[in-house]
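Structural overview
Spelled out, the chains give:
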Amino acid sequence: MNLEKIIDKKNTDLSKKIDKQKVPEHVAIIMDGNGRWATKKGLARSFGHNKGVNVLKEILKASKNLGCKVLTVYAFSTENWTRPTKEVDFLINLFSEVLEKQIDEIHQESIRIKFIGDLTPFPATLKKLIQNAESLTKNNNTFLLNVCANYGGRQEIVKVAKEIASKSLSGEIKPSEVNEELFNSKLLTSGIKDPELLIRTSGEKRISNFLLWQLAYSEIYISEVLWPDFNEVEFLKAIIDYQSRNRRFGGIESLPNKSFKDSKYSS
Ligand code: FPP
């Protein structure tokens, strides 16, 4: 794989610092700071969300070019409904607009798109667009974009627990058969390798109910940059930092992430 030159402010070619053998297969991102970015510029928060979409496009391209296989982004949490109705409506319209305008390009790029979360409360028009986008791209298996929408990590875990409890009550499974593998198979991310790397922008140091189960052993990279100012250079800095980590998974030796070797998106 040939990476194009990516020059930072100090004129260093970051692509040369990347170890192509150690690129994370799955990167998760909490795209934070849209509102603050806009407010700082004296603009409405919606401007930050609009700019955020362009950044997502750039990072999607960058991660695919780098050789990542899966990108999971936190677009709307179960807690985001508490925002003013105007902002919630804006975000919902933005998701529809992005799907309408970008889905052909996403498909041409051979990217599969999946929405993760409880989509029930979204308007029928958005649900239809999501269904069409997922069905159009379902056979694209070079890269997967997971968009977490009305997603909450605790809610996901409770949902799995309920399902297992009910199967146990009906005698379909024995309590002694409940293990991590079974739990994993019922998550919304089942079949997808856990993220090796979580990036959160805007300097906040929280997980905010994102992928609570899946992030158990992920490396965390906090960028001080607000999401609308994030770009390929900042993304490569996160990858370079990740590559400097010694991943031991609770043991004493550095190990590759071995839990999902058979994942469809693992190489
Ligand atoms: C966090 O910034 C950002 C969001 C809640 C929305 C992110 C959504 C997008 C970038 C659109 C993505 C679209 C698709 C279809 C995937 P914030 O509003 O919490 O910022 P603040 O912390 O500064 O208030």
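Residue numbering note: each chain is counted from 1, following its sequence as written. In view of the model being predicted, local features appear only for residues whose pLDDT reaches at least 70, and side-chain atom pairs are presented and counted only at 80 or more, with totals across whole chains, interfaces and linings using the full set of residues. Here the side-chain values reflect all heavy atoms present in the structure, with hydrogen atoms and water set aside.

1. Considering the overall build of the protein chain
Helical segments are the DSSP runs of H or I of at least four residues, strand segments are the runs of E of at least two, and each set is numbered from the N terminus. Assigned secondary structure in the protein chain consists of 7 helices and 6 strands. Secondary structure elements of the protein chain occur, N-terminal to C-terminal, as β-α-α-β-α-β-α-β-α-α-β-β-α. In terms of overall dimensions, the protein chain is globule-like: its C-alpha atoms have a radius of gyration of 19 Å, near the 18 Å expected for 267 residues. For the protein chain, the spread of C-alpha atoms along the principal axes amounts to about 60 × 50 × 35 Å. The quantity called the radius of gyration is restricted to C-alpha atoms. Its globule counterpart is 2.2 Å times the number of residues to the power 0.38.

2. Some thoughts on the side chain of Thr-201
By secondary structure assignment, the location of Thr-201 is in the loop between strand E5 (197–200) and strand E6 (219–222). Summary of the burial criterion: residues with accessible area below 20% of their type's maximum are buried, those above 50% are exposed, and those between are partly exposed, where the area comes from a 1.4 Å probe applied to protein chains only. Residue class for Thr-201 comes out buried when judged on its relative accessible area of 0%. Under the rule applied, a polar contact is a pair of N or O atoms within 3.5 Å (in protein, one hydrogen donor and one hydrogen acceptor; residues adjacent in sequence only if both atoms are side-chain atoms). Side-chain polar atoms of Thr-201 contact the backbone oxygen of Asp-32, separated by 2.7 Å. Other than its neighbours up to four places away in sequence, Thr-201 contacts Ile-30, Met-31, Asp-32, Ser-223, Val-225, Leu-226, Trp-227 and Phe-230. Here, two residues are considered to be in contact whenever any of their heavy atoms come within 4.5 Å of each other.

3. Quick look at the packing of helix H3 (residues 85–108) against helix H4 (residues 124–137)
Running from N to C, H3 and H4 cross one another at 20 degrees; their axes reach a closest spacing of 10 Å. Classed by the angle they form, the pair H3 and H4 counts as roughly parallel. In the crossing of H3 with H4, the sense of the turn from one axis to the other is left-handed. Counting all contacts with H3, which are made through Ile-92, Phe-95, Ser-96, Leu-99, Glu-100, Ile-103 and His-107, the residues of H4 involved are Leu-126, Leu-129, Ile-130, Ala-133, Leu-136 and Thr-137. In this description, a line fitted to the C-alpha atoms serves as the axis of each element, helices being fitted only across the stretch in contact, and the angle between N-to-C directions of two axes falls anywhere from 0 to 180 degrees. Any angle that falls under 35 degrees is termed roughly parallel, while one over 145 is termed roughly antiparallel, one within 65 to 115 roughly perpendicular, and all others oblique. The hand of a helix crossing depends on one turn: near helix anticlockwise from the far one by less than a right angle means left-handed, and clockwise means right-handed.

4. Quick word on the packing of helix H2 (residues 45–66) against helix H7 (residues 232–243)
One way to put it is that H2 packs onto H7 with a least axis distance of 9 Å and a crossing angle of 45 degrees. Relative to H7, H2 is oriented oblique. Between H2 and H7 lies a crossing of right-handed hand. Residues Glu-58, Ile-59, Ala-62, Ser-63 and Leu-66 of H2 pack against Glu-232, Phe-235, Leu-236 and Ile-239 of H7. Residues are grouped as follows: nonpolar covers Ala, Val, Leu, Ile, Met, Phe, Trp, Tyr, Cys and Pro; charged covers Asp, Glu, Lys and Arg; every other residue, Gly included, is treated as polar. Along the lines of polarity and charge, the residues of the contact of H2 with H7 split into 6 nonpolar, 1 polar and 2 charged.

5. A short note on the pairing of E6
Taking every second residue as pointing to the same face, the buried face of E6 carries Glu-219 and Tyr-221, while none of Ile-220 and Ile-222 on the other face is buried. Two elements, E5 and E6, share 4 bridges in a ladder whose sense is parallel. Across the sheet, residue Leu-198 finds its bridge partner in E6, namely Ile-220. Think of it this way: DSSP has to see at least two bridges between two strands before they count as a pair.

6. Regarding the site of the ligand
To be near a molecule or strand, a residue needs just one of its heavy atoms within 4 Å of it. Around the ligand lies a shell of 18 residues, among which Asp-32, Gly-35, Arg-36, Arg-45 and Arg-83 are the nearest. In the environment of the ligand, an oxygen atom lies 2.7 Å from a nitrogen or oxygen atom belonging to the backbone of Arg-36. For the ligand, whose unbound accessible area comes to 630 Å², protein coverage reaches 91%. Both cavities and pockets are sets of points on a 1 Å grid over the protein atoms alone; in a cavity a 1.4 Å probe fits but cannot get out, in a pocket the set is open with protein on both sides within 12 Å along at least five of seven lines, and lining residues sit with an atom within 4 Å of a point. Cavities and pockets are treated as containing a molecule whenever more than half of the molecule's atoms lie within 2 Å of their grid points. Judged by the proximity of its atoms to the pocket grid, the ligand belongs to the largest pocket. Note that accessible areas follow from Shrake-Rupley with a 1.4 Å probe, and for residues the cover is restricted to the protein chains shown.

7. Details of the layout of surface pockets
Grid points are joined across faces, edges and corners, and a volume is the space filled by probe spheres set on the points. Each pocket or cavity is described by its volume, and for the largest pocket that value is around 880 Å³. Met-31, Asn-34, Tyr-74, Ala-75 and Phe-95 are the residues nearest the centre of the largest pocket, which is lined by 41 residues in total. Listing elements by their share of the lining of the largest pocket, those giving two or more residues are helix H1 (34–40), H2, strand E2 (70–77), H3, strand E3 (111–116) and strand E4 (143–151). In terms of residue class, the lining of the largest pocket is made up of 20 nonpolar, 9 polar and 12 charged.

8. Some remarks on H2
By definition here, a helix of n residues has an expected span of 1.5 Å times n minus one. Under the 1.5 Å per step criterion, the end-to-end length of H2 is 31 Å for 22 residues, consistent within 8% with the ideal 32 Å. Three or more residues of H2 are buried, namely Gly-48, His-49, Gly-52, Val-53, Val-55, Leu-56, Ile-59, Leu-60, Ala-62, Ser-63 and Leu-66. Remark: Gly-67 follows H2 within two positions and exhibits a positive phi of approximately 110 degrees.

9. Points about the nonpolar core
Formed by 52 residues in total, the largest nonpolar core has its most connected members in Ile-29, Leu-66, Leu-71, Ile-113, Ile-199 and Phe-235. Broken down by element, the residue count for this core peaks at 8 residues, all from H3. Residues grouped as a nonpolar core are buried Ala, Val, Leu, Ile, Met, Phe, Trp, Tyr and Cys residues, joined through side-chain atoms within 4.5 Å. Ile-30, Tyr-74, Tyr-151 and Leu-211 belong to the second largest nonpolar core, which has 10 residues in total.

10. Points about the pattern of salt bridges
Throughout this description, the term salt bridge denotes a Lys or Arg side-chain nitrogen within 4 Å of a carboxyl oxygen of Asp or Glu. Summed over all chains, the structure comprises 17 salt bridges. Among the ionic pairs, Lys-16 bridges to Asp-13, the shortest N-O distance being 4.0 Å. On the basis of relative accessibility, which here comes to 12%, the residue Asp-13 falls in the buried class. Across the salt bridge formed by Lys-167 and Glu-172, the nearest N and O atoms sit 3.5 Å from each other. A relative accessible area of 55% places Glu-172 in the exposed class.

These values are about where atoms sit, not about what they do.
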